[in-house]
Amino acid sequence: MLRYAIRRILLLAPVLVGLSIIVFAIARLLPGDPVQLAAGPQATKEEIASLSRELGLDRPLLTQYWSYVTGLVAGDWGQSILTRRPVWEDLRIYLPATLELVVVAMGIAIAVGMPAGLVSAAYANRWPDYLSRVLALGAISAPRFFLGLVMQLVFAMWLAWLPLGGRFPIVDIPPPAVTGFLTLDALIARDGGAFWLALKHLAMPALALSLSPLATITRMMRASTLEAMTQDYVLTARALGLSRRLILFKYVAKNAASATLTVIGLYFGWLLAGTVLVETVFDWPGVGLYATKAIATQDFMPLMGVTLICGALFTLVNLVVDLAYGLINPKARYA
Amino acid sequence: MALVEIENLHLAIRAFEGEAQVLAGVDLAIERGEIWGLVGETGCGKSLTGLSISRLVSSPPARYPKGAIRFDGRDILAADEAEMRKLRGRRIGMIFQDPTTNLNPAFRVGEQMIDVALHAARVDASVLGLDAKASARARRAAARALAVRLLERVGVARAAERVDDYPHQFSGGMRQRVLIAMALIGKPDLLIADEPTTALDVSVQAQILKLLHELAREQGLAILLITHNLGVVAQIASHVAVMYAGRVVERGAARAVLKAPAHPYTQALIASLPRAGAARGSLVGIPGVVPNLFSPPAGCRFAPRCPLAVARCGEAPPLEAAGAAREVACWRAERAA
C-alpha cells in the first residue's frame, strides 16, 4: 500500500507542471495587453515599454515562465487589481470558505447518496426504489441556482429559519481562524453560539450544492449495487447461509462503492470550480465569487490563481480517490 | 432414512415465452458418505436440482408444482427462508464452477470464511467448540483458528499467513481449495459441488477430486457432484444419476452404470466420449436436439432422439429396478441384471 501511495504521489508532479504551463500560456494568449491595462489608457509608448521591462515581460517566454513558477513556489501569485492585495492573501481568505462549502456538500451527498443507492438496489422496482429514483431525477434536473432561490424563499423568507446568505453575520465576531473552516474554528474555540451561526449560514448553500452529486451518487451506487448483486460470490455467500443484510451492507457495498468512488472524485473537483452559481446566489465569500468578480473586471492574476488552485485541488482530490480505491480494491495496488 | 431424498421433483420457471418445465421427475436418494455424480448435458436441470436442495432458485419466477425434497427428514419445499438459512453453511455446503468469481475480490479469504463460520456457529455453537455465551471476540478468534485449520486441511501451504491474503493472490486451483474449505467450515453433512473442476486444468482437476474423495471418506460427508464430465464421475463417484431434459433416466452404483449403461441415453452419452487412440474423424454425437422445455414431448423425453423408440414411449416410463444396483426409466431396457 505504501509503494502504491508513493507511486501515485510521484505521478502528481508532471500533472502540476502541465497545469502551470497551461495557466501561464492562457494568460499570454488571451487578447488584451496586460501591460497596457496596468499602465492605464493615457500611458505613452515609452511608459509602456519601461513598465514592460520592469515587469519582465520583454524577456524570453521560457525565462518568464521560470520566474512565474519560482514566484508561485515562493508564494508570489501576483497582485489583484480589484482588491489591491496579493492574490495569495485573497486566496487564503476565500479558498477555505469554498472548501468548507464543498466538503460539507460532498459529505451530505456521500452520507445520503451511498446508503440511498444501496437501499434502492435492495428494493429494486419496489416503492423505496421508485421514490429514490424520482427524487434523484428531480435533483439532477433542477438547476442549482433555481433550487437555491426556492430554498431562500422557503427557509429564509417564509419560515425565517435560516439566514438569506453570507457566511457569518457582519455584526458578530467570528472565532479565531485556525483551519479557515468557520464551523471547525468555532468548535476549536469552544464557541457553541458561533458554531450554530456558522452552521445556519452553511446549511442552505451546502444543501443546494449537494443535490446534484447526491443524485448522481445515488444512481451510480444503485447501478453498481445491482451489478454486484448478480456476481457469483453473492450466490456463494447465500449458499453458505449469510444473511441478506450482511451480504448487502458488507460484501456487496464494498464492491459497489469502488465503482462509485470515481464519480465522487470527479464531482469533488467539479464542485470546486462549479460553486460560482451557488456562491453568487447565497453571497458566499468564496473562490467562485472572487473569480466572478475578477472576470467582470479583467483582473488576470486572481483568475490565474483560482484556475491554478482549483486544478491543483482537483488533482489532489483524485489522488485521495486513487488511494481510497487502493484501500477498497486490493487488486488496484498491484496494477 | 437417506440424508437427502428427492422424489418426483417438478420445477417450472415462468419466462417470457411461457412456463418452462425444467424439472419433470427427479428422483435421488443420497446416504451419508456417498458420492453421487449427477450427470447430463447443459440445460438438463442438474444445477437446478442442486440449487433446489438449498432452495436457492428464486420463486417466483420458479415454482415446484409436484414432488418433494427431504433433507434429514425435513420437508425442504415447505421450509421458509429462516429455516433454510439454518441449513445453509451449517448442514449443507456448496461450491460452484468458477473459483475466480465465487470469492469476493474485495475481502481477505479469512474474513469471508470467518463470516461463514460465525453464521454456522449461531445455528450450532459446537461448530466453534465454544458455548453460546462466549464473547464476540472469543468467537471471532475461534472462527479464525478454524479457518486456518480448514485451509491447512484442504492443502493450502502456510495457511496461517495465507488466511490474510486476498483471492487474487491465489491460483485458480488454490481458490477452489479455499472455497471448499469455506463450504466445509460449518461441518456440513452434505456438500453440493456444481461443476467444481470444469474451470480448472486437468492436473489441478485430479487434485481437487482426490481432495473431495478424501474429505468424504474422513468425515462421512455426502457429496452431490454435478458435472457433465463422465470421466470425473468415473474417478470418484460411488453412485451416479443420469439426467435428461429434467428427468433422472438412470441411477445406481457408478461401476454398474458406467460399465453397462441400461438407458439408451446413457449408452449414447458414453459412446460419444472421445477415446485416445480412436481413428480420426470417429467422434460420435447424439443425433437430434434437446427438446423444447416450454412444450416438452409427452412420455419419454428422449424418445424423439432414441434409436430404440417404440409406440409405448409416448407414455412416461417409471424409474424401476434393473438388476441389483441400478434403476432405469425406459420401456426398452433389459430388466434382468
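Please read all numbers here as calculations on a predicted model, not as lab measurements.

Colleague: Would you mind going over unusual backbone geometry with me for this structure?
Modeller: A negative phi angle is the norm for most residues apart from glycine, just as the trans form is the norm for most peptide bonds. Residue and element names in this part refer to chain B. In the segment running from Ser-59 into Pro-60, the intervening peptide bond is cis, with an omega of -10 degrees. Following the sequence through the fold, Pro-60 ends up in the loop between helix H1 (46–53) and strand S4 (62–63). For the peptide bond that leads from Pro-60 to Pro-61, omega is 10 degrees, which places it in the cis range. Following the sequence through the fold, Pro-61 ends up in the loop between H1 and S4.

Colleague: Can you help me understand the domain arrangement of chain B in this one?
Modeller: Reports often express the size of an interface as the amount of accessible area lost when the parts come together. Residue and element names in this part refer to chain B. When cut into domains, chain B gives domain 1 (1–91 + 190–274 + 288–337) and domain 2 (99–187). Between domain 1 and domain 2, the contact holds 18 residues from the first and 17 residues from the second. Taking both partners together, domain 1 and domain 2 bury about 1500 Å²; carbon and sulfur atoms supply 62% of that area. Per-residue buried area on domain 1 facing domain 2 is highest for Gly-89, Arg-90 and Leu-211; these three make up 35% of the total on that side. At the boundary of domain 1 with domain 2, the tally comes to three salt bridges. Its salt-bridge partner being Arg-153, residue Glu-214 comes within 3.1 Å of it at the nearest N-O pair. For the side of domain 1 that touches domain 2, the leading source of residues is helix H7 (residues 202–219), giving eight residues. Of the residues belonging to the side of domain 1 that touches domain 2, the class tally is 10 nonpolar, two polar and six charged.

Colleague: Looking at this structure, how should I read the packing of aromatic side chains?
Modeller: Describing an aromatic ring pair means giving the distance of the ring centres and the angle of the ring planes. By the definition in use, this model includes 10 aromatic pairs over all chains. Ring centres of Phe-24 of chain A and Tyr-68 of chain A lie 5.6 Å apart, and the angle between their planes is 35 degrees; on these two criteria the pair is classed as tilted. Here Tyr-68 of chain A lies in helix H4 (residues 61–74) and Phe-24 of chain A lies in helix H1 (residues 2–29), a separation of 44 residues in the sequence. Classification of Phe-24 of chain A by relative accessible area gives buried; the value is 6%. Overall, the relative accessible area of 13% leaves Tyr-68 of chain A in the buried class. What links up through ring pairs into an aromatic cluster is the set Phe-24, Tyr-65 and Tyr-68 of chain A. The ring of Phe-107 of chain B is capped by Lys-254 of chain A, whose NZ or CZ atom sits 4.7 Å from the centre of that ring. Just above the ring of Trp-331 of chain B sits the side chain of Arg-312 of chain B; from NZ or CZ to the centre is 3.8 Å.

Colleague: So what exactly am I meant to see when it comes to the nonpolar core here?
Modeller: Where a protein is soluble and globular, its nonpolar side chains tend to be buried together. Counting 178 residues, the largest nonpolar core has Tyr-68 of chain A together with Ile-180, Leu-190 and Leu-224 of chain B as its most contacted members. No other element matches helix H11 (residues 244–273) of chain A, which puts 14 residues into this core. For Leu-224 of chain B, the contacting residues outside a window of four places in its chain are Leu-28, Ile-30, Trp-36, Leu-38, Gly-50, Ile-53, Leu-190, Leu-191, Ile-192 and Ala-193 of chain B.

Colleague: Looking at this structure, how should I read the interface of chain A and chain B?
Modeller: At the interface, 21 residues of chain A touch 28 residues of chain B. Buried surface at the junction of chain A and chain B, both sides included, amounts to about 2300 Å², of which 60% is carbon and sulfur. Of all residues in chain A, Arg-238, Leu-240 and Tyr-251 of chain A bury the most surface against chain B, accounting for 26% of the area lost on that side. Inspection of the chain A/chain B interface yields three salt bridges. We note a salt bridge from Glu-81 of chain B to Arg-238 of chain A, for which the minimum N-O separation is 3.7 Å. Applying the counting criterion to the chain A and chain B interface returns 11 residue pairs in polar contact (both at pLDDT 80 or more). Taken together, the residues of the side of chain A that touches chain B break down into 10 nonpolar, four polar and seven charged.

Colleague: Would you take a moment to explain the pattern of salt bridges for this structure?
Modeller: For the coordinates displayed, the defined rule picks out 29 salt bridges over all chains. Lys-250 of chain A is the partner of Asp-115 of chain B in a salt bridge, and the nearest nitrogen-oxygen pair spans 2.6 Å. On the criterion of chain membership, the pair formed by Asp-115 of chain B in helix H3 (residues 109–123) and Lys-250 of chain A in helix H11 is interchain, its members lying in two chains. Judged by relative accessible area, Lys-250 of chain A falls into the partly exposed class, the value being 21%.

Colleague: What should I look at first to understand the packing of helix H13 (residues 287–296) of chain A against helix H14 (residues 300–328) of chain A in this one?
Modeller: Between two packed helices, both the angle of their axes relative to each other and the distance between the axes serve to describe the pair. Residue and element names in this part refer to chain A. Where H13 meets H14, the axes come as close as 9 Å, and the angle between the chain directions of the two elements is 145 degrees. Two packed elements cross with a definite hand, and for H13 against H14 that hand is left-handed. Contact residues: H13 offers Val-287, Tyr-290, Ala-291, Ala-294 and Ile-295, while H14 offers Pro-302, Leu-303, Val-306 and Cys-310. Class assignment for the residues of the contact of H13 with H14 results in nine nonpolar, no polar and no charged.

Colleague: What's the story with a nonpolar patch on the surface in this structure? I'm lost.
Modeller: A grouping of Leu-153, Met-157, Trp-158, Leu-159, Trp-161 and Leu-164 of chain A is seen on the molecular surface, where their side chains present a nonpolar patch of about 700 Å² in accessible area. Relative to the elements of secondary structure, Trp-161 of chain A occurs in the loop between helix H7 (144–158) and helix H8 (182–188).

Parameters at a glance
Residues numbered from 1 in each chain as written. Chains lettered and ligands numbered in written order. Predicted model: local features only at pLDDT ≥ 70, side-chain atom pairs only at ≥ 80, totals over all residues. Heavy atoms only, no water. Helix = DSSP H or I, 4+ residues; strand = E, 2+ residues; numbered from the N terminus. Domains from an automatic or database assignment. Contact = heavy atoms within 4.5 Å. Buried area = accessible area lost by both parts, 1.4 Å probe. Salt bridge = Lys/Arg side-chain N within 4 Å of Asp/Glu carboxyl O. Nonpolar A, V, L, I, M, F, W, Y, C, P; charged D, E, K, R; others polar. Phe/Tyr/Trp six-rings, centres within 6.5 Å; stacked < 30°, edge-to-face > 60°. Buried < 20%, exposed > 50% of the residue type's maximum accessible area, 1.4 Å probe, protein only. Lys NZ or Arg CZ within 6 Å of the ring centre and 35° of its normal. Core = buried A, V, L, I, M, F, W, Y, C linked by side-chain atoms within 4.5 Å. Polar contact = N/O pair within 3.5 Å; in protein donor to acceptor, adjacent residues only side chain to side chain. Axes fitted to C-alpha atoms, helices over the stretch in contact; angles between N-to-C directions. Left-handed = near helix turned anticlockwise from the far one by under 90°. Patch = residues over 30% accessible without salt bridge, like charges linked within 9 Å, V, L, I, M, F, W, Y side chains within 5 Å. Areas by Shrake-Rupley, 256 points an atom, 1.4 Å probe, with all protein chains shown as cover.

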